[in-house]
Amino acid sequence: MPNATVLVVDDEALIRWSLSERLKADGYHVLEADTGRAALERLADGVDLVLLDYRLPDADGLTILRKMKEIDPDILVILLTAYASVETAVQAMKSGAFHFANKPFNLDEVASQVERALETTRLRREVRAYHTNAARPYSLQRIVGASSAVTALRHLVARVAISPSSTVLLTGESGTGKDLVAKVIHYMSDRAARPFMNITCSALPEQLLESELFGHERGAFTDARLQKKGLLETADGGTVFLDEIGEMTPALQSKLLRFLEEKSFKRVGGSIDIHVDVRVIAATNRKLEEEVVRSHFRSDLYYRLNVLPIAMPSLRSHPEDIPLLTEYFIDSFNTEFRKKVLGATPAAYGVLQQYGWPGNVRELRNVIERAMLLSDRDRLDASDFAAMSRGITAADEFELPASGVDLETLERSLVIQALRRSGGNQTRAGALLGLNRDQIRYRIDKFALTAAS
Ligand SMILES: Nc1ncnc2c1ncn2[C@@H]1O[C@H](COP(=O)(O)OP(=O)(O)O)[C@@H](O)[C@H]1O
Ligand SMILES: [Mg+2]
């Protein structure tokens, strides 16, 4: 890989010199460092491979190796050691060293190790590019369903994709296809050749999320050893998908709003304005307008995001698509598991269509996956979905949101839903929740509900 940059780290000037001369002769760009600390600082200059001495004046090579991998997981490191024990070698490999070379080393051998290591990154990059391209067929057809709800959704997605800069807000319960739709929008738009970056706002604490999104300058905070580009910069020309936007803290909401209005931002700890062209697609399973009323979400940001709202239908609102979706998932798991399941029996469809699907299409997909793994039949049968027919909800699949829940509110909401579904019949409502009549009555009183609410 010509033009690759190699960093040579050794405290002995003579060793640095001999390695550098050889690598330069092979056509590499070479940087040098004589301490672990200097080596970490040089990473900011863009390094593809490091030749790292195991014994450094300020730290041992393994520690520096781990720190380098933290900063850049893709960086290649060849450890040079005069004390190669099996244990050191194992440790080095575990910490992500590509290889290690014994000191005193043979220059030809080191040079060919460098060449081989860089060749694997080139391959790795090509494989990655291939995967990105393979991921491209995120066409409209990936959104499966023949109901009017899903047909309307496909039309809307197609129109949104060709208005390439407006912000999109996807709302809907978990598992309804928000991630899927975000990708289809990106790959159908003329941004398709540019990056699609995706971040879940609830997954990171505020400070980390801020620096992931906006990047930071070196020294902006304790761990900011190097300058870092944020997602918005990396995605320039493409799309950033902000999942679970409802969990974003007020300070970050303001910063995001400013970005959406001005198309520019400052890195954390930075003073220059950085301009990027990025389409933002946000998603939430919360009712954002309610969060606005409760002052949990800025109303101005809500209106700014809500330029193109897309409300994802819950699966129970279009149960007529369940057979089609089931066939679609059977097909794809046939390929994945090398199976030849032909379909599902009418009795199985009966069970699947009467079930409530609190986890929406994701839950359906999981249920089909499990059935296909466990069943030996040609066609999936009702007995493969016994859990659904017993009316058990997928309690163990209920995922506690990162922000937690208010159990009382959840309980109240479940009681209300059960009463609605049973048309106000308390006994049947209770049965839906596994409660007897006294127990459901107790809760109806506790929450001051009327049977009709
Ligand atoms: N209409 C649909 N057609 C095909 N697959 C779907 C559809 N809706 C959701 N899925 C699939 O269901 C799973 C969950 O969807 P996802 O987009 O992750 O939901 P969300 O982001 O709303 O939680 C994914 O595997 C997705 O591909
Ligand atoms: Mg999602």
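Look a little higher up for the structure.
As a starting point, this report considers the structure included with it.

Calculation criteria
Residues numbered from 1 in each chain as written. Chains lettered and ligands numbered in written order. Predicted model: local features only at pLDDT ≥ 70, side-chain atom pairs only at ≥ 80, totals over all residues. Heavy atoms only, no water. Near = heavy atom within 4 Å. Polar contact = N/O pair within 3.5 Å; in protein donor to acceptor, adjacent residues only side chain to side chain. Areas by Shrake-Rupley, 256 points an atom, 1.4 Å probe, with all protein chains shown as cover. Helix = DSSP H or I, 4+ residues; strand = E, 2+ residues; numbered from the N terminus. Buried < 20%, exposed > 50% of the residue type's maximum accessible area, 1.4 Å probe, protein only. Phe/Tyr/Trp six-rings, centres within 6.5 Å; stacked < 30°, edge-to-face > 60°. Lys NZ or Arg CZ within 6 Å of the ring centre and 35° of its normal. Pairing = 2+ DSSP bridges. Axes fitted to C-alpha atoms, helices over the stretch in contact; angles between N-to-C directions.

Regarding the site of ligand 1
- V144, G175, K178, D179 and R362 are the nearest of the 17 residues found near ligand 1.
- Contacts to ligand 1 include V144, whose backbone N or O atom sits 2.9 Å from a nitrogen atom.
- Contact between ligand 1 and D179: an oxygen atom at 2.6 Å from a side-chain N or O atom of the residue.
- Contact with the protein chains covers 86% of the free accessible surface of ligand 1, which is 560 Å².
- Secondary-structure elements contributing two or more residues to the shell around ligand 1 are α7 (178–188), α13 (322–337) and α15 (360–374).

Digging into the environment of I162
- Secondary-structure assignment places I162 in the loop between α6 (148–161) and β6 (168–171).
- Of the residues examined, I162 reaches a relative accessible area of 66% and is grouped as exposed.
- Spatially, the C-alpha atom of I162 lies 9.8 Å from that of R191, the residues being 29 residues apart in sequence.

Focus on the packing of aromatic side chains
- Under the criterion given, the structure shown has 9 aromatic pairs.
- Seen from their ring centres, F196 and F241 are 6.3 Å apart, and the 25 degrees between their planes marks the pair as stacked. Here F241 lies in strand β8 (residues 239–243) and F196 lies in strand β7 (residues 196–200), a separation of 45 residues in the sequence. Considered together, F196 and F241 belong to a single accessibility category, that of buried residues.
- Ring plane angle 15 degrees and centroid distance 5.2 Å describe the contact between F333 and F337, whose orientation is recorded as stacked. Of this pair, F333 and F337 both sit in helix α13, separated by 4 residues, roughly a single helical turn.
- We classify F333 as buried; its relative accessible area is 1%.
- The exposure class of F337 is partly exposed, given its relative accessible area of 21%.
- Members of the aromatic cluster, each reached through a chain of ring pairs, are Y138, Y187, F196 and F241.
- Against the face of F214 rests K255, its NZ or CZ located 4.4 Å from the ring centre.

Some words on the sheet that holds β6
- Taken in spatial order, the 5 strands make up an open sheet running β7-β8-β11-β6-β12, and their pairing is parallel. Only two strands of the sheet have a single neighbouring strand rather than two, namely β7 and β12 (308–311). Each neighbouring strand pair of the sheet contributes to a mean axis angle of 15 degrees, computed without reference to strand direction.
- Sheet topology note: the β6/β12 ladder contains 4 bridges and is parallel. Across the sheet, the residue bridging to V168 is L308, located in β12.

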